[in-house]
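One-letter residues, chain by chain:
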Amino acid sequence: MTTGLALAAAAAASALAGFADLDAIDRQVAGFTGAPTGAVGGALTGVDRRLRLQPCRSGLALSWRTTMHDSVVVQCGDANGWRIFVPVRQAAPVASAPVANAINRGDAVAISISGDGFSVSQPGEALDSGAVGDWIRVRPATGTRTRAEPMRGRIERPGVVSIPLP
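Residues numbered from 1 in each chain as written. Predicted model: local features only at pLDDT ≥ 70, side-chain atom pairs only at ≥ 80, totals over all residues. Heavy atoms only, no water.

As for unusual backbone geometry
And step 1. Despite not being glycine, Asn80 has its phi angle at roughly 60°, a positive value.
And step 2. On the secondary structure map, Asn80 appears in the loop between β2 (71-76) and β3 (83-87).
And step 3. A relative accessible area of 69% places Asn80 in the exposed class. (Helix = DSSP H or I, 4+ residues; strand = E, 2+ residues; numbered from the N terminus. Buried < 20%, exposed > 50% of the residue type's maximum accessible area, 1.4 Å probe, protein only.)

Structure (structure tokens):
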């Protein structure tokens, strides 16, 4: 059996079993990273074939996990969707303009904390600088002389840091 037929058979078996097509995820990662055709999506190993992910009806969102571009976040947009991290190799150093920080140390930010069915926001201060998608330390603003404990959150957009709850 040729490799192409084996992959097609595996994809068909996966689809029949009610799981997401891992080969399709690999192809989307390849397109996102700009990997050459035939590569495993620029991924170091490809998506782990032992995963049994729910099919994603609303589509996948892909983004860089960090500004180093060393892994891709693949997220299913469905309610109770899944999220995986795919480590990727860099073919060559990225020769683009430096990424501007969305938040700088000392900036006033809105800290958004969200969970299943709720979301709250409060003012805070950035303790680190970073670009959209980076994880930084933030501290809630308090009206007292005591300082609140720092927390880690992900920069969603300029001025907004999100702290997801499990």
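Resuming the write-up.
Brief notes about the environment of Ala141
And step 1. Checked against the element boundaries, Ala141 lands in the loop between β6 (135-140) and β7 (151-157).
And step 2. Residues Ala141 and Ile111, spaced 30 residues apart in sequence, show a C-alpha to C-alpha distance of 9.6 Å.

Examining the side chain of Ser71
And step 1. Along the chain, Ser71 falls in strand β2.
And step 2. A relative accessible area of 8% means that Ser71 is categorised as buried.
And step 3. In contact with Ser71, other than residues within four places in its own chain, are Ser63, Trp64, Arg65, Val86, Pro87 and Val88. (Contact = heavy atoms within 4.5 Å.)

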